[in-house]
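# Chains, contacts and geometry: an overview
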Amino acid sequence: MRALNTGKKIHEFVFHPRQRNWALAAGWTSCADFGDGEPCEIYKELYATKDLGQSWQYLKSYVFDFAWGYTEYSHELNDPTLAGTESRVFITHDPELSGHQQTRERWKQSVHLYYSDDFFKTETMALAAGNSIVMTQHYMFVAKAKSSEEIGVQVSRAKGGFLDFRLARMPRDYALTDHFTVMDTSEKSVFLYISDHTLANNVGNLFISDGMGNRFTHSVENIVKGAGAVDFETVESLDGTFICNRYDRKHGEEKHGEMLGGGAAINRAPSDDEVLVAESRMDTKMGKQARGTRVDAAQTDRIPIDKKGLATHQLVEFKSKIKTYITHNKGADWQLIRAPDQDLKGKSTNCFLEDGCSLHLQMYSNNPNHYAPPYSQQRAVGIVMAVGNIG
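So, here's what we can say about the structure. (Residues numbered from 1 in each chain as written. Predicted model: local features only at pLDDT ≥ 70, side-chain atom pairs only at ≥ 80, totals over all residues. Heavy atoms only, no water.)

## So, the state of the cysteines
Inclusion rule: Cysteine sulfur atoms that pair up within 2.5 Å are treated as a disulfide.
In the structure shown here, the tally under the stated rule is two disulfides. A disulfide bridge connects Cys31 with Cys40, and the sulfur atoms are separated by 1.9 Å. A torsion of -80° about the S-S bond marks the disulfide between Cys31 and Cys40 as left-handed. Cysteine pairing in the protein follows 1-2, 3-4, where each cysteine in a disulfide is numbered by its order in the sequence.

Below you can see the structure in the form of structure tokens.
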């Protein structure tokens, strides 16, 4: 594989899901690319190859995110309406940019989502103010900027060529957010993490979608996030089984072993009209609220956030109340994990759910020793390897 045109280094690279010789690659310009007397302008360029990198075709400058608009699932659909979409490419791009391209520190309404089926000989705007792309087998999630600090989550499906955008319908108070993370789409339903911007701590709420991928119900609150990743893992060998670390607000107060119901604490999903009214009210508030959101453009599905000056209060005894929960029914109920009878040295743990003691697993937050997160494999049914403690 050769370097990009004029010897530019490859900084981002993605193969086509079906055509093994096709790929997209992006690189940043350098001052050495410009001749004498030309101003030095640093920006991100997108290229494509159809011969495994032997030659590169220039596509676009001032690109932020990019993705193939065709997946393995798109191919499996064998839908005649998707004919000609195998070469579809999506990008987020600011047509107003010139000079140096800054890494994204705020959401921008001047950045839009575009697509092309002919490698940008022609292009079409797919979503105005579409800032970032998270592509999965069945869905594409796009952050649509409402202001520099707030976004709405738009969802499109492989069945529609990823062009049938719909606003992700959330229970009340969650229609707009400062960032989101797509946690899992392995069973076609979507687990979506939405940050809780009312708290200084890095916690958020977990939602699960219907089969269309755009209507969400609440699953569990106060899931912890740290080191750029959410404390959430899929148990690969057991359908509908997931693990998370969450702040347990009622630690030491609730009935021992009590299960957390998924959607009981949240009202029904709002109607389309209610969402539009909420958006209108939120837009009015945007200019009056000072909220600091920092976005790393190199990480679209794990977007970090700086909550300094944004939250209203701290959670009490935050680190001491983080506990591990597990669900076996796709987020409908979450419960504590029963500790083993013996530790690795064969000594009795004397840890019982009835006494308020359970097993807690190390994931991404509060992990100074860099322990690996829980690991499972589809063929090893019921086995999970993890580092943890009891208490």
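## Some details on the environment of Thr241
Where we set the bar: Runs of E in the DSSP output that reach at least two residues are strands. Runs of H or I that reach at least four are helices, and both are numbered from the N terminus. In this analysis, two residues are considered to be in contact whenever any of their non-hydrogen atoms come within 4.5 Å of each other.
Structurally, the position occupied by Thr241 is in the loop between β19 (232–234) and β20 (242–247). Each C-alpha atom, one on Thr241 and one on Gly331, is 8.1 Å from the other, the two residues being 90 residues apart in sequence. Aside from chain neighbours lying at most four places away, what touches Thr241 is Thr234, Val235, Ile326, Thr327 and His328.

## As for the environment of Glu233
Note the threshold: Polar contacts, as used here, are pairs of N or O atoms within 3.5 Å; protein pairs need one atom able to donate a hydrogen and one able to accept it. Residues neighboring in sequence count only if both atoms are side-chain atoms.
In this structure, Glu233 sits in strand β19. Along the primary structure Glu233 and Asp184 are separated by 49 residues, whereas in three dimensions their C-alpha atoms are 8.7 Å apart. Sequence-distant contacts of Glu233, defined by excluding residues within four places in its chain, comprise Phe242, Ile243, Met363, Tyr364, Pro373 and Pro374. Within polar-contact distance, the side chain of Glu233 engages the side chain of Tyr364 at 2.5 Å.

## Quick look at the environment of Glu41
Take Glu41: it is sitting in the loop between β2 (23–28) and β3 (44–49). Considering only alpha carbons, one finds Glu41 and Cys31, 10 residues apart in sequence, at a separation of 6.9 Å. With sequence-adjacent residues up to four places away left out, Glu41 is seen in contact with Thr29, Phe34, Tyr62, Gly99 and His100.

## Section: the sheet that holds strand β8 (residues 124–127)
Note the cut-off: At least two DSSP bridges between two strands are required for those strands to pair. In this analysis, axes come from line fits to C-alpha atoms, helices being fitted only over the stretch in contact, and the angle between any two N-to-C directions falls in the range 0 to 180 degrees.
If you trace the four strands from one edge of the open sheet to the other, you get β5-β6-β7-β8, paired in antiparallel fashion. Because the sheet does not close on itself, it has two edges, and the strands there are β5 (63–68) and β8. Within the sheet, the average angular offset between the axes of one strand and its neighbour, ignoring direction, is 30°. Here strand β7 (residues 112–116) runs beside β8; their pairing, made up of three bridges, is antiparallel. Residue pairing for β8: Tyr114 is matched across the bridge by Met125.

## Side note on the nonpolar core
For clarity, the threshold we go by: Throughout, nonpolar core names a set of buried Ala, Val, Leu, Ile, Met, Phe, Trp, Tyr and Cys residues whose side chains join them through atoms within 4.5 Å. For the exposure calls, accessible area comes from a 1.4 Å probe over protein chains only, and a residue counts as buried if that area is under 20% of its type's maximum, exposed if over 50%, partly exposed in between.
Phe141, Met170, Phe180, Val182, Leu192 and Phe216 are the most contacted members of the largest nonpolar core, which has 19 residues in total. Broken down by secondary-structure element, the contributors of at least two residues to this core are β10 (139–145), β11 (151–157), β14 (180–187) and β15 (189–195). The element that contributes the greatest number of residues to this core is β10, accounting for four residues. Formed by 15 residues, the second largest nonpolar core is a distinct cluster that contains Leu206, Phe232, Cys244 and Tyr325.

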